Amino acid sequence: MLEVKGLTAAVDGKTILNGLDLTVRAGEVHAIMGPNGSGKSTLCQVLAGRDGYEVTAGSVRYLGQDLLEMAPEIRAREGLLLSFQYPVEIPGVKNVYLLKAAYNAMRKHRGEPEADAFEFMALVREKMRLMKMDESFLHRSVNSGFSGGEKKRNEILQMLVLEPKLALLDEIDSGLDIDALKIVADGINRLRDPNRAIVMVTHYQRLLDYVEPDVIHVLYQGRIIRSGDKTLAHELEAKGYQWLIDEVAA
Amino acid sequence: MNAPTVIAQPLVAQLETYRPTLPESVAERQRAACARFLSRGFPVRRDEEWKYTSVQGIANRAFTLPDVGEALPQTTPTELEWPHGEARQWRFVDGRLVAAPDEPPEGVTALPLAVALTDPFWQERFAALATSEHSSFVDLNTALASGGLCLRITAPVATPLEIVWQVSAGVAGEGASIPLAVHPRLLVVVEAGASATLIEHAIGDAASSHFVNAVSEITLARNAQLTHYVVQELPAAVQQIATHAVAVDANACYRSFNIQLGGRLARHDFNVHLHAPEAVAELEGLYLVGARQHIDTHTRLFHEAAATTSRERYRLIGLERGRGVFKGKVRVAPGAAKSDAQQSVKSLLLHPGAEIDAKPELEIYTDDVTCSHGATVGQLDRDARFYLLSRGLSPQEADALLIFAFAEAVVEAVTLPALKTYLTERLVGRLPDRDILEEQL
Ligand SMILES: Nc1ncnc2c1ncn2[C@@H]1O[C@H](COP(=O)(O)OP(=O)(O)O)[C@@H](O)[C@H]1O
Ligand SMILES: [Mg+2]
């Protein structure tokens, strides 16, 4: 589904991703861990098509296409959706407008007619119940004045409504209390599907207890320095990153 | 029937043979205002307050003055496309009252200016708040006031009061029609504990090229409240100058919405005096500046007593090759401790030829105050835009939603549902990609 090869990207002339390789297949759940500043969010942003990053080497194939050639909105319509580490507050744009506009953009892209307003609202309400969000969220401005936990739940709500093929979740678990974490994890587990891949960036074992990954990667200085199964996460939780960094340097 | 000869001349020339336009009771004040105006003339760009706005197009142009004298008209208002809901409406055409409600709501007395000025209550208040200090346009209006309304609110009034100021195409002349110089005057007194909502809606015939020089004098007594909507949708060739002089007593709250959509030139001054403790002013404004439009507002908030509060929020959008100007002065006097003044002015430039100048001006003469102000001019927020794109919205959709949201911040605060709907529609109609918005909203 996703094949990243030797990806090198810079901001303001500073190289942040440095020859990164990553392969994700349909049905898989990957976790990316790594110290702060190692480039995890940058990877997510580059994959989602944020401008301002200069890709200086490498390639990204997504569903057989050259991802880097696609405009950000086309990537989204092709099913690549990013949940932001810091969801942006957009005062004045109501959640329900955004959901509807996004939903219809995807349908139009697939050549389907616009959603029936009634059915669409029923769908949104069902997903909101899963995320334990009340009706008032719909009419609030996107992320505006939301608590950290509300923002993250809102990101997963969008995923549940828009049904991506590849979901990138950047620190979806940061700033969540245990109840909110369970709700969010439950939402992610609902997204698990043989036809869908999920890539989660996280710092904590906690999330991985709820959403079990197939593969864990450690990102450091812009590249993946180790990949392994879920036992790697336990090791990192117990010992931190330094031993791994030392081992790789040696 | 012989049509009277229409005199069209620059205003200064017409004032040489000046005759007062209002009842004898205020004739002296009118003559004095005329004399002051003649000695000062129109403001020029050298005046700091008129740095960005030239009024040469008013000073040099030939206008005719409307006939004076008015009585209560016998007609009731006709329907506008505006969904008034329960609003009671007074309608003026070229400064002359043409329609009034059969009966104003309870707690409201409404009199045409010329009728009101036979009463000492109104005589005392005429030209008391709006003075030549503000600008010579106030004197010009005092001298030439051609009609208007005096509203006295004595109780909490739920029914909105609406004044429609309409301009006509002009007086038939040889060839083209001759534009009028119209000088409407509005006096409002909200008595202690009373409250009201007032809408001033300026509209007109698309062919109009009038000059409108309006003055309003608004007094709020203790614990009074007034929400004052100014919705300017004048035709494209009309030039308008409007001065709003407002005095707010203890614990009273004056709230204004200054919605500037039309006109060739529109300059509004809001001079708000918070002259007693805990007086509050909330000023909201929105401009959509289109091609060849010049929209300018100067607000002056005078904190003259302790614990007075002002909140100001203006949103300016440059849509095309036009110019928007905003200057927000806040003056906190030495005795105004514990006052709180906050100002937020944001501008959005959507066209390379659009120009916006927005400036705060703080004069603070006491230590114990909270003041904040921020003025930004820019394009759309890049992070917000990317967030929308990352959800599959096209760049056009993202921009349309963000521009709408920028303006909506002010419209959202409108508390009258019918007016809010009306303004939202107007807004959508003027913004780029309106079909996208119509679909979304
Ligand atoms: N837009 C940017 N401009 C400048 N530096 C950036 C920008 N984005 C990220 N960086 C830098 O790139 C590095 C990686 O950041 P990031 O991808 O956010 O790391 P992580 O998500 O792994 O904590 C950091 O040193 C960060 O300061
Ligand atoms: Mg990060």
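What counts and what doesn't
Residues numbered from 1 in each chain as written. Chains lettered and ligands numbered in written order. Predicted model: local features only at pLDDT ≥ 70, side-chain atom pairs only at ≥ 80, totals over all residues. Heavy atoms only, no water. Helix = DSSP H or I, 4+ residues; strand = E, 2+ residues; numbered from the N terminus. Rg over C-alpha atoms; globule rule 2.2 N^0.38 Å. Buried < 20%, exposed > 50% of the residue type's maximum accessible area, 1.4 Å probe, protein only. Contact = heavy atoms within 4.5 Å. Areas by Shrake-Rupley, 256 points an atom, 1.4 Å probe, with all protein chains shown as cover. Donors = N, O, S within 2.8 Å, 3.2 Å for Na, K, Ca; no water. Buried area = accessible area lost by both parts, 1.4 Å probe. Salt bridge = Lys/Arg side-chain N within 4 Å of Asp/Glu carboxyl O. Polar contact = N/O pair within 3.5 Å; in protein donor to acceptor, adjacent residues only side chain to side chain. Nonpolar A, V, L, I, M, F, W, Y, C, P; charged D, E, K, R; others polar. Domains from an automatic or database assignment. Core = buried A, V, L, I, M, F, W, Y, C linked by side-chain atoms within 4.5 Å. Axes fitted to C-alpha atoms, helices over the stretch in contact; angles between N-to-C directions. Parallel < 35°, antiparallel > 145°, perpendicular 65-115°, else oblique. Left-handed = near helix turned anticlockwise from the far one by under 90°. Lys, Arg positive; Asp, Glu negative; His and termini not counted. Pairing = 2+ DSSP bridges. Near = heavy atom within 4 Å. Expected span 1.5 Å × (residues − 1).

Novice: Before we go on, may I ask you to explain the overall build of chain A in this structure?
Specialist: Within chain A, the regular secondary structure consists of nine helices and 12 strands. Expected size for 250 residues packed as a compact globule is a radius of gyration near 18 Å; at 18 Å, chain A falls within 12% of this value. Its C-alpha atoms give chain A principal-axis dimensions of about 60 × 40 × 35 Å. Across the 250 residues that make up chain A, the buried fraction comes to 56%. Sequence separation of 24 or more characterises 67% of the internal contacts of chain A that already satisfy a separation of 6 or more. When the accessible area of chain A is evaluated, it comes to approximately 10800 Å², of which 47% is carbon and sulfur surface.

Novice: What is the right way to look at the coordination of the magnesium ion (ligand 2) in this model?
Specialist: When four donors bind a metal tetrahedrally, each ideal donor-metal-donor angle is 109.5 degrees, and when six bind octahedrally, the ideal angles are 90 or 180 degrees. Residue and element names in this part refer to chain A. For the magnesium ion (ligand 2), the full set of protein donor atoms is Ser41 (OG) and Gln85 (OE1), at a range of 2.1 to 2.2 Å. Here the residue Ser41 occupies a position in helix H1 (residues 40-48), and Gln85 occupies one in the loop between strand S6 (80-83) and strand S7 (90-94), the gap between them amounting to 44 residues. Accessibility expressed as a relative area gives 23% for Ser41, which makes it partly exposed.

Novice: What exactly am I supposed to notice about the interface of chain B and chain A here?
Specialist: The interface is formed by 21 residues belonging to chain B together with 31 residues belonging to chain A. Regarding the contact of chain B and chain A, the summed buried area is about 2200 Å², with carbon and sulfur atoms giving 62% of it. The tally of links between chain B and chain A comes to three salt bridges. When the shortest N-O distance is used, the salt bridge between A:Arg50 and B:Asp383 registers 2.8 Å. Linking chain B to chain A there are nine residue pairs in polar contact (both at pLDDT 80 or more). Those elements giving two or more residues to the side of chain B that touches chain A turn out to be helix H7 (382-389), helix H8 (395-411) and helix H10 (434-440) of chain B. Counting residues per element, the side of chain B that touches chain A draws most heavily on H7(B), at seven residues. Split into classes, the residues belonging to the side of chain B that touches chain A amount to 11 nonpolar, four polar and six charged.

Novice: Got a minute to help me understand the domain arrangement of chain B in this structure?
Specialist: One frequent convention defines the size of an interface as the accessible area lost when the parts assemble. All names here are of chain B. When its domains are assigned, chain B resolves into domain 1 (11-397) and domain 2 (398-441). Here the C-alpha centroids of domain 1 and domain 2 sit 23 Å apart. Residue-level contacts link 41 residues of domain 1 with 27 residues of domain 2. Carbon and sulfur atoms supply 72% of the area that domain 1 and domain 2 bury against each other, a total of about 2800 Å² over both sides. Across the salt bridge formed by Glu233 and Arg426, the nearest N and O atoms sit 2.6 Å from each other. At the junction of domain 1 and domain 2, the tally comes to 17 residue pairs in polar contact (both at pLDDT 80 or more). Sort the elements by how many residues they give to the side of domain 1 that touches domain 2 and strand S14 (residues 280-289) lands first, with five residues. In the side of domain 1 that touches domain 2, the residues fall into 23 nonpolar, eight polar and 10 charged.

Novice: Looking at this model, I keep getting lost on the nonpolar core. Mind explaining?
Specialist: Soluble globular proteins tend to pack their nonpolar side chains together in the buried interior. Among the nonpolar cores identified, the biggest contains 127 residues, and A:Leu2, A:Leu20, A:Leu22, A:Ile90, A:Leu169, A:Ile188 and A:Met200 are the most heavily contacted of them. When residues are assigned to domains, this core turns out to be shared by domain 1 (11-397) and domain 2 (398-441) of chain B, each giving three or more. Beyond its immediate chain neighbours, meaning those up to four positions away, A:Leu169 contacts A:Ser83, A:Ile156, A:Met159, A:Ile188, A:Ile198, A:Val199, A:Met200 and A:Val201. One finds B:Leu161, B:Val230, B:Tyr287 and B:Leu301 within the second-largest nonpolar core, a separate group that totals 50 residues.

Novice: Help me out: how do you make sense of the environment of A:Met159 in this one?
Specialist: Within the element layout of this structure, A:Met159 appears in helix H5 (residues 148-162). Dropping the residues within four chain positions of it, A:Met159 is found in contact with A:Leu81, A:Leu82, A:Ser83, A:Pro164, A:Ala167, A:Leu168, A:Leu169 and A:Leu191.

Novice: Is there a simple way to think about the packing of H5(A) against helix H6 (residues 178-191) of chain A in this case?
Specialist: Residues and elements named next belong to chain A. As a packed pair, H5 and H6 sit with axes 10 Å apart at the nearest point and diverge in direction by 15°. One way to sum up the angle between H5 and H6 is to call them roughly parallel. Judged by the twist between their axes, the crossing of H5 over H6 is left-handed. On the side of H5, the interface is formed by Lys152, Arg153, Ile156, Met159 and Leu160, while H6 contributes Ile183, Val184, Gly187, Ile188, Arg190 and Leu191. Partitioned by chemical class, the residues of the contact of H5 with H6 number seven nonpolar, one polar and three charged.

Novice: Where do I start with the side chain of B:Glu408 in this structure?
Specialist: Mapped onto the elements of the fold, B:Glu408 is located in helix H8. An unpaired buried charge is present at B:Glu408: no salt bridge exists, and A:Lys94, the closest side chain of opposite charge, is 5.4 Å distant.

Novice: Please clarify how the packing of helix H3 (residues 95-109) of chain A against H5(A) should be interpreted in this entry.
Specialist: Two quantities define a packed helix pair, namely the angle between the axes and the distance from one axis to the other. All names here are of chain A. Put simply, H3 and H5 touch, their axes get as near as 10 Å, and they point 35° apart. Between H3 and H5 the crossing geometry is right-handed. Residue-level inspection shows Asn95, Leu98, Leu99, Ala102, Tyr103 and Met106 of H3 in contact with H5, the latter providing Asn154, Leu157, Gln158, Val161 and Leu162. Here the residues of the contact of H3 with H5 are counted per class, giving eight nonpolar, three polar and no charged.

Novice: Just checking my understanding: could you explain the sheet that holds strand S9 (residues 166-170) of chain A for this structure?
Specialist: Paired through their backbone hydrogen bonds, the strands of a sheet run either parallel or antiparallel. Residue and element names in this part refer to chain A. Here six strands make up an open sheet; going across it, the order is S6-S9-S10-S3-S11-S12 and the pairing mixed. This sheet does not close on itself; its edge strands, each paired only once, are S6 and strand S12 (223-228). Direction aside, neighbouring strands of the sheet carry axes that sit 20° apart on average. Across four bridges, strand S3 (residues 29-33) lies against strand S10 (residues 197-201) in parallel orientation. When the sheet's bridge partners are listed, His30 is paired in S10 with Val199. Across the sheet, helix H9 (residues 242-249) touches strand S11 (215-220) and S12, and the angle it forms with S12 is around 110°.

Novice: Whenever I open this one, the site of ligand 1 confuses me. Can you help?
Specialist: Residue and element names in this part refer to chain A. By nearness alone, every residue bordering ligand 1 is listed as Val11, Lys14, Ile16, Pro35, Asn36, Gly37, Ser38, Gly39, Lys40, Ser41, Thr42 and Tyr53. Within the backbone of Lys40, one N or O atom sits 2.8 Å away from an oxygen atom of ligand 1. Protein contacts shield 63% of the accessible area of ligand 1, which totals 560 Å² for the unbound molecule. The set of elements that each furnish at least two residues to the shell around ligand 1 consists of strand S2 (14-24) and H1. Looking at which element gives the most residues to the shell around ligand 1, the answer is H1, with three residues. Taken together, the residues that form the shell around ligand 1 break down as four nonpolar, six polar and two charged.

Novice: When you look at H1(A) in this model, what are you seeing that I'm missing?
Specialist: Each α-helix winds once per 3.6 residues, and so residues spaced three or four apart point in a common direction. Residues and elements named next belong to chain A. Across the nine residues that make up H1, a large majority, eight, are buried. Every buried residue belonging to H1 is among Lys40, Thr42, Leu43, Cys44, Gln45, Val46, Leu47 and Ala48, and all of these are buried. Looking one or two places after H1, you find Gly49, whose phi comes out positive at around 95°.

Novice: Where do I start with the side chain of B:Gln260 in this structure?
Specialist: All names here are of chain B. Relative to the helices and strands, Gln260 is located in strand S12 (residues 253-260). Judged by relative accessible area, which is 0%, Gln260 ranks as buried. Only 3.2 Å separates the side chain of Gln260 from the side chain of His268, close enough to count as a polar contact. Excluding its chain neighbours within four sequence positions, the residues that come into contact with Gln260 are Gln232, Ala266, His268, Leu286, Tyr287, Leu288 and Ile295.

Novice: Can you help me understand helix H9 (residues 417-430) of chain B in this one?
Specialist: With 14 residues, H9(B) should reach 20 Å at 1.5 Å per residue; the first-to-last C-alpha distance of 20 Å fits that figure. Turning to H9(B), its buried residues number three or more, namely B:Leu419, B:Tyr422, B:Leu423, B:Leu427 and B:Val428.

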